[in-house]
Amino acid sequence: MSNAVQTNWAAQVHGAAKIYGSGENEVRALDHVTVGFEKGAFTAIMGPSGSGKSTLMQCAAGLDRLTAGTAFIGDVDITKLGEKALTLLRRDKVGFIFQQFNLLPTLTAQENITFPLDLAGRKPDADWMAHVVGTVGLADRLNHKPSELSGGQQQRVAVARALVEQPEIIFADEPTGNLDSTSSAEILSFMENAVREFGQTVVMVTHDPVAASHASRVLFLADGRIVDELMAPTRDSILDRMRNLGD
Amino acid sequence: MFSYALKSLRANLTRLIATALAVILGIGFLASGLMLTDAMRSGLTGDVEEQYKNVDFAIIATAGSDQSGGMDFQLTVPASALATARSTPGVEAAAGEIQADARVLRADGTTVNLRSQGRSWIADSELNPLSLDEGSAPKGSAQVVLDRKLATEAGVSVGDTVSVQTPAGTKQFKVSGISSFGRQDALDDGGTISFSEETAVQVLNAGTPGFSDVLLRTSGDPATVQAALEEALPTSVAIQTGEQFVSDAAESASAFISILRPVLQGFAYLSMFVAAFVIFNTFSVVVTQRFRELALIRAVGGTPAQVRRSLIFEGMAIGVIASALGIVAGAVLAIGLQTLLRQFDMEIPGAGVKVSTYTVVLCMIIGVLVTTLSVIVPAFRAGRTKPVEAMRASAIDNSGSSPVRAVFGAIFLLGSVALLLANRFVGVQWFYLTFGALFLFIGLFIGGPLLARVFAILVRPVMGLFGMTGRLAADNAVRNPKRTATTANALVIGLFLVTLVTVSGEAMKTALVDQLSSASSPDFIISSEGAIDPKLVASINKTEGVTNIAAVKSSVAVESTGQSTFVAAASLDQLTKSAGLKVTAGSAEAVASGSGIAIPDFSNFGGGALSSPGSVASAGLGDSVSLRTVGGQDLILPVVAVYEGSLESFVGNVMNPETFKTVVGDKPVTRVFVRAEPGQADAVGQRLEKVLQGYTGVEVQPGNFIGQIVGSIFDFLIAAVNALLAMSVIVALVGIVNTMTLSIFERRRELGMVRALGMTRQQVGRMVRFEAVLIGLLGTLVGMGAGILLSWVVISSIADGAIDLSFNWARVGLIFLVGILVGVVASILPARRATRLNMLDAMSEA
Ligand SMILES: Nc1ncnc2c1ncn2[C@@H]1O[C@H](COP(=O)(O)OP(=O)(O)OP(=O)(O)O)[C@@H](O)[C@H]1O
Ligand SMILES: [Mg+2]
């Protein structure tokens, strides 16, 4: 990870710091973090509440700006990009799945799925679209509005949206946070499949060890720093590490 | 938490400001109208009181008991009355007033002030409203006194010689003195030029002795003096006490204010009505947005009444503060308007603004009442919030799309169209028209949300051409159809009236102008409000290319029954040759020889509607008419001719000059009709302009000018009404800003999300702008549609097809553009707010 730009990283941050407020109210949400997200890998970020998970994800994804350090998406230094270029980069290279408020209520499921492509004025590849929609099991729900879909179905639409544009990297902040275990498991297996079968890169923030066990690598954050890392995790090995960190 | 509190405060502030702004605009409009008219009235009446403060009695001309038509400005007090008054015991001083346009010219021939007046100098210093600051009173035929205003503007002082233009031509006068009026520099707002009494008769009244009124200063017992005067004076004049005279003069000086004031008020109330929509909408949205908060209050034990009261109280508080601010805004607006007009040298009477208790109380009552009434419905809706709703996931605004609403809206709309069309087929019936129009609006307001949906379905494919932003804008515009409809309806009211006034006004104008222009008319009409000098009449006649002229003296005469009627001294023969009159019965010679009079035939103009009042109107050939002469006798005149032509309405009953003099006394010529050689009209017009140079107040107009005047009066009225309606359109604009701002606040998370997904700031801005324009477009289309429908019904059914609905497409297009512009302007602020939204803040809020 010493080389600044390496093509096998889908996204990376170097010496990333994020400070909120100033003086007595100063909060170091990120404290000189350096980390890379491998292409074609499924990375999970875990840590206690307030440890800086969302902040790391948002800064790496170009939703927010670092106080210090650099961030790359592919080989582009996004800290050097202007507002508009950054927006267009997000549109074309990054997919998002949020915990809630994921969909536009006026658009149908289908329209929501193609929304980023429509923004870019691109047409979705029909075969790929059909495949993704089929995979997430939404074929018969495409013309429904979000208000007519269950929470799990809505989240599947969000996953489909992220997959359809085949972005360089997908960031998901607690995508299963509001779902029951069955729905969670479905969402997670879609993402896992996308990584395994199509080489999609996914970074996911989660509190749930079961969810994290779907990933190929787990990063542990505490007080704005990466304190641990686990490859090929299982639910138990994760719980084990978390217990250790808690001490 | 702190940032949340700040944000909700900021959102509340926006809402408060926008609601208040609607009230401030409406009340400001109302207040400025009241303050300006108050100031004008007190300015005008104050001046009149100052002007006549030492007048004990006044002699005025009277046309009998019935002064209908308000044409008494043509009446004069004969010179003999002044002489009689002067010799009546108890009269200390008497002076006749004469007033006409007069101008001081600079060395290069340009006019110093276009609105200056010539007056006769009143020798008695107490009766004279003007006081002499320097020099001496004007004597003889070559001296004038200028007031300080004119003297300053012209840069002359006592002893200088100035060129003065009067109805009798331009002459050199020596400035014998400088006058002032009380503490002011000028009596007439353009300045006063005073002539000696004899000179005034010559230059201001074309040599015809007579006064607009005679002012008297008396001593001794007023009743005795009055009795003596009544005894001595002819019955064609009346004696008024000074008080009466001043109050009459004050009233007539400020008469137009009695019309102006209610008109301005009416338009201000309309703006407040539109403001009511804005307030209603804002509070409805707020109740929706605070739904869970309200439910929570209810859940923890707040009673419906408490919830209700808190909102009504909020509305009242806004009403009080905004009305007070509105009054201040009104004062600022009034002063601004005065200053602005002064920049264009159009001084309006009365300086500063007059803040009366009436104005303040009325504005406060109206403002608070409208605001409070507008929040009642939302407040009751808030009171009905069920506690369990605090636990529900989210409040979805489904209101405004129920089938019941759709059915009722449709019933009213169809009913109104049926009623309006009934007009079209059975002729105009006020019953059908009133209820048709009423139903149209009830239908639009009930069915508005549905209409908004249909509109969105129609525009969505079109907006899709603008890409994702366009499509989302179309969808967003009808996410809350009721909210959109109410917002658009505020605009509908204003634009409906603008369209109705413009389209039907235009149609009536075209019809009337066509009718007037098709009638026969002279090539030119030369006219003066005062007098046309006999020498000038002669030069007009001698002008190259002029084939015929008819010089006309006009007056109001009194019938023996006491009613007034118009009479004119002119040659029917000349009128036929120069103005295209047609004698349809009897003979012109009989009139010329003095054996009787000619009366006009009004059948072309719908009978009595336009005719001069009086029994003459119903007379025919062979009847006779009895008129009261200046000498006080009754004169019976047989009708020996009937004529037809385009000038009936302002020539009246034609008689020969001798008969005229017997009936109303000597009067100057005020109109000359001119016939030019065929094909030479343009050249003759230019020559006439030259001939008239140097005679103030005498104008040449093309013969069909009645048509043109009617046309320009219509144009002026249409423009004036539209200008007054502008305020309600502006209030509607504030409504769109408000709705958009609230909607954006409501959708901030969603906006954050689309920004994260890659929508650029520009795209977000465009989306918001599109949405505002769509709301504007909806209001514009509905308003214009209703306006055009109603114009069509009214016009086509009133006139039995005589008037076509002639579209002035440029104006109709302009209204449309204004509607769109309202949307565009309204979008600026919300769009900026939406693009500045912080993506992460927007998303991270719970
Ligand atoms: N906009 C902000 N202003 C000030 N401080 C912030 C802001 N956003 C985050 N923080 C602070 O930064 C730190 C990291 O926050 P972050 O949201 O990244 O935590 P997290 O790990 O995602 O927590 P959770 O698991 O609860 O979502 C916290 O202490 C938080 O209070
Ligand atoms: Mg988080």
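## Examining the overall build of chain B
Inference 1: For chain B, the count of helices and strands is 25 helices and 22 strands.
Inference 2: Residue burial in chain B is summarised as follows: out of 846 residues, 53% are buried.
Inference 3: A separation threshold of at least 6 residues defines the contact pool for chain B, and within that pool the share at least 24 residues apart is 82%.
Inference 4: Just so you have it, chain B exposes about 36000 Å², and 62% of that area is on carbon and sulfur atoms.

## Notes on the overall build of chain A
Inference 1: Scanning chain A from terminus to terminus reveals nine helices and 10 strands.
Inference 2: For 247 residues, the compact-globule estimate of 2.2 N^0.38 gives 18 Å, and the C-alpha radius of gyration of chain A, at 18 Å, lies within 12% of that figure.
Inference 3: With respect to the three principal axes, the spread of C-alpha positions in chain A is 50 × 45 × 35 Å.
Inference 4: Per-residue burial over chain A gives 52% buried out of 247 residues.
Inference 5: Total accessible area computed for chain A in this model is approximately 10500 Å², and 47% of it derives from carbon and sulfur atoms.
Inference 6: Side-chain charges in chain A split into 22 positive and 30 negative, and the spacing between the mean points of these groups amounts to 4 Å.

## Remarks on the site of ligand 1
Residues and elements named next belong to chain A.
Inference 1: Lining the immediate environment of ligand 1, one finds 13 residues, of which Ser-49, Gly-50, Lys-53, Ser-54 and Thr-55 sit closest.
Inference 2: A distance of 2.8 Å separates an oxygen atom of ligand 1 from a polar backbone atom of Gly-50.
Inference 3: Within the side chain of Lys-53, an N or O atom sits 2.7 Å from an oxygen atom of ligand 1.
Inference 4: Secondary structure elements with two or more residues in the shell around ligand 1: β2 (27-38) and α1 (53-60).
Inference 5: The element that contributes the greatest number of residues to the shell around ligand 1 is α1, accounting for three residues.

## Side note on a nonpolar patch on the surface
All names here are of chain B.
Inference 1: Taken together, the side chains of Val-361, Ile-365, Leu-369, Leu-373, Ile-376, Val-377 and Phe-380 define a hydrophobic patch exposed on the protein surface, amounting to about 600 Å² of accessible area.
Inference 2: By secondary structure assignment, the location of Val-377 is in helix α10 (residues 357-383).
Inference 3: Here Val-377 falls in the partly exposed class, since its relative accessible area comes to 44%.

## Digging into the environment of B:Met767
Residue and element names in this part refer to chain B.
Inference 1: Following the sequence through the fold, Met-767 ends up in helix α23 (residues 761-798).
Inference 2: Sequence spacing of Met-767 and Leu-472 is 295 residues, and the spatial spacing of their C-alpha atoms is 7.0 Å.
Inference 3: Excluding its chain neighbours within four sequence positions, the residues that come into contact with Met-767 are Thr-469, Leu-472, Ala-473, Asn-476, Leu-751 and Met-759.

## A closer look at the interface of chain A and chain B
Inference 1: Each side of the interface is counted separately: chain A has 24 residues, and chain B has 24 residues.
Inference 2: A buried area of about 2200 Å², summed over both sides, lies between chain A and chain B, and 67% of it is on carbon and sulfur atoms.
Inference 3: Counting every contact that joins chain A to chain B gives four salt bridges.
Inference 4: One salt bridge connects A:Glu111 with B:Arg471, and the closest N-O pair in it is separated by 3.4 Å.
Inference 5: Summed over the shared surface of chain A and chain B, the result is four residue pairs in polar contact (both at pLDDT 80 or more).
Inference 6: Looking at the side of chain A that touches chain B, the elements that each hand over two or more residues are α2 (83-93) and α4 (115-120) of chain A.
Inference 7: With six residues, α2(A) is the single largest residue contributor to the side of chain A that touches chain B.

## Things to note about the sheet that holds strand β5 (residues 76-77) of chain A
All names here are of chain A.
Inference 1: The four strands lie next to each other as β2-β1-β4-β5, forming an open sheet whose pairing is antiparallel. On the outer flanks of this sheet lie β2 and β5, each paired with one strand and no other.
Inference 2: Running at roughly 55° to β2, α1 makes contact with β1 (9-20), β2 and β4 (68-73) of the sheet.

## Concerning the sheet that holds strand β12 (residues 237-241) of chain B
Think of a sheet as strands paired side by side through backbone hydrogen bonds, with each pair either parallel or antiparallel.
Residue and element names in this part refer to chain B.
Inference 1: Sheet architecture is open: four strands sit in the order β2-β11-β1-β12, paired in antiparallel fashion. Both edges of this open sheet fall to β2 (91-97) and β12, since each of them pairs with a single strand only. Between one strand and the next, the sheet's axes are offset by a mean angle of 20°, whatever the strand orientation.
Inference 2: Across four bridges, strand β1 (residues 57-61) lies against strand β11 (residues 213-218) in antiparallel orientation. Across the sheet, residue Ile-59 finds its bridge partner in β11, namely Val-214.
Inference 3: Together, β1, β2, β11 and β12 form the strand contacts of helix α5 (residues 222-232), whose direction differs from that of β12 by roughly 170°.

## Here we look at the confidence of the model for chain B
All names here are of chain B.
Inference 1: Scored by pLDDT, chain B comes out at a mean of 80, with 87% of its residues at no less than 70.
Inference 2: For chain B, per-element mean pLDDT is lowest for helix α18 (residues 648-651), which scores 59, and highest for strand β10 (residues 192-195), which scores 91.
Inference 3: The model gives residues 1-5 a pLDDT under 50, and that stretch makes zero contacts with residues more than four places away or in other chains.
Inference 4: In the model, residues 64-73 has pLDDT below 50 throughout and makes 12 contacts with residues more than four positions away in sequence or in other chains.

## A closer look at the pairing of strand β6 (residues 94-97) of chain A
All names here are of chain A.
Inference 1: Residues of β6 alternate between two faces, with Val-94 and Phe-96 on one and Gly-95 and Ile-97 on the opposite face, all of them buried.
Inference 2: Two elements, β6 and strand β7 (residues 169-173), share four bridges in a ladder whose sense is parallel. Across the sheet, Gly-95 pairs through a bridge with Ile-170, a residue of β7.

## Some remarks on unusual backbone geometry
All names here are of chain A.
Inference 1: Positive phi, normally seen in glycine, also occurs at His-32, with a value near 50°.
Inference 2: Positioned with a positive phi, Ala-232 is a non-glycine residue whose angle comes to about 40°.
Inference 3: The residue Ala-232 is located in the loop between β10 (225-231) and α9 (235-246) in this model.

## Quick notes on the pattern of salt bridges
Opposite charge on two side chains lets them pair, provided their charged atoms get close.
Residues and elements named next belong to chain B.
Inference 1: Inspection of every chain in the model, using the stated rule, returns 36 salt bridges over all chains.
Inference 2: Glu-134 is the partner of Arg-148 in a salt bridge, and the nearest nitrogen-oxygen pair spans 3.2 Å. In this pair, Arg-148 sits in helix α3 (residues 148-154) while Glu-134 sits in strand β6 (residues 130-135), placing the two residues 14 residues apart along the sequence.
Inference 3: Judged by relative accessible area, which is 35%, Glu-134 ranks as partly exposed.
Inference 4: In this structure, the salt-bridge partner of Asp-475 is Arg-460, at a minimum N-O distance of 2.7 Å. Separated by 15 residues along the polypeptide, Asp-475 in helix α13 (residues 468-477) and Arg-460 in helix α12 (residues 430-464) bring together distant segments of the chain.
Inference 5: Residue Arg-460 is classed as partly exposed on the basis of its relative accessible area of 24%.

## Observations regarding the packing of helix α5 (residues 126-135) of chain A against helix α6 (residues 151-164) of chain A
All names here are of chain A.
Inference 1: Two elements in contact, α5 and α6, have axes whose closest approach is 10 Å; the angle formed by their N-to-C orientations is 150°. In terms of their interaxial angle, α5 and α6 are classed as roughly antiparallel. Two packed elements cross with a definite hand, and for α5 against α6 that hand is right-handed. From α5, Trp-128, Met-129 and Val-132 reach across to α6, where they touch Ala-160, Leu-163 and Val-164.
Inference 2: For the contact of α5 with α6, a count of residues per class yields six nonpolar, no polar and no charged.

## Focus on the packing of α6(A) against helix α7 (residues 181-198) of chain A
Residue and element names in this part refer to chain A.
Inference 1: Contact geometry for α6 and α7: axes closest at 10 Å, N-to-C directions at 10°. As summarised for this structure, α6 and α7 are arranged roughly parallel, according to the angle between their axes. Seen from α6, the contacting residues are Gly-152, Gln-155, Arg-156, Val-159 and Leu-163; seen from α7, they are Ser-183, Glu-186, Ile-187, Phe-190 and Ala-194.
Inference 2: In the contact of α6 with α7, the residues fall into five nonpolar, three polar and two charged.

## Overview of the side chain of B:Ser578
Inference 1: When you line up the elements, B:Ser578 lands in helix α16 (residues 572-579).
Inference 2: When residues no more than four places from it in sequence are discounted, the contact partners of B:Ser578 are B:Pro522, B:Asp523, B:Asn548, B:Ile549, B:Ala550, B:Phe673, B:Val674 and B:Arg675.

## Section: the packing of aromatic side chains
For any two aromatic rings, the description comes down to two numbers: the centre-to-centre distance and the angle of the planes.
Inference 1: Inspection of every chain in the model, using the stated rule, returns 13 aromatic pairs over all chains.
Inference 2: Residues A:Phe96 and A:Phe98 carry aromatic rings whose centres are separated by 5.6 Å and whose planes lie at 10° to one another, so their mutual orientation is stacked. For the residue pair A:Phe96 and A:Phe98, the accessibility class agrees, reading buried in each case.
Inference 3: Measuring from centroid to centroid gives 6.2 Å for B:Phe435 and B:Phe439, while their planes differ by 90°, and the two rings are edge-to-face. You can see B:Phe435 and its partner B:Phe439 sitting in helix α12, four residues apart, about one turn around the helix.
Inference 4: A relative accessible area of 24% means that B:Phe439 is categorised as partly exposed.
Inference 5: Chaining the aromatic ring pairs together yields one cluster made of B:Phe273, B:Phe277, B:Phe441, B:Phe445 and B:Phe496.
Inference 6: A cation over an aromatic ring shows up here: B:Arg308 above the ring of B:Phe380, its NZ or CZ 4.5 Å from the ring centre.

Criteria and thresholds
Residues numbered from 1 in each chain as written. Chains lettered and ligands numbered in written order. Predicted model: local features only at pLDDT ≥ 70, side-chain atom pairs only at ≥ 80, totals over all residues. Heavy atoms only, no water. Helix = DSSP H or I, 4+ residues; strand = E, 2+ residues; numbered from the N terminus. Buried < 20%, exposed > 50% of the residue type's maximum accessible area, 1.4 Å probe, protein only. Contact = heavy atoms within 4.5 Å. Areas by Shrake-Rupley, 256 points an atom, 1.4 Å probe, with all protein chains shown as cover. Rg over C-alpha atoms; globule rule 2.2 N^0.38 Å. Lys, Arg positive; Asp, Glu negative; His and termini not counted. Charge placed at Lys NZ, Arg CZ, Asp CG, Glu CD. Near = heavy atom within 4 Å. Polar contact = N/O pair within 3.5 Å; in protein donor to acceptor, adjacent residues only side chain to side chain. Patch = residues over 30% accessible without salt bridge, like charges linked within 9 Å, V, L, I, M, F, W, Y side chains within 5 Å. Salt bridge = Lys/Arg side-chain N within 4 Å of Asp/Glu carboxyl O. Buried area = accessible area lost by both parts, 1.4 Å probe. Pairing = 2+ DSSP bridges. Axes fitted to C-alpha atoms, helices over the stretch in contact; angles between N-to-C directions. pLDDT = per-residue confidence, 0-100. Parallel < 35°, antiparallel > 145°, perpendicular 65-115°, else oblique. Left-handed = near helix turned anticlockwise from the far one by under 90°. Nonpolar A, V, L, I, M, F, W, Y, C, P; charged D, E, K, R; others polar. Phe/Tyr/Trp six-rings, centres within 6.5 Å; stacked < 30°, edge-to-face > 60°. Lys NZ or Arg CZ within 6 Å of the ring centre and 35° of its normal.

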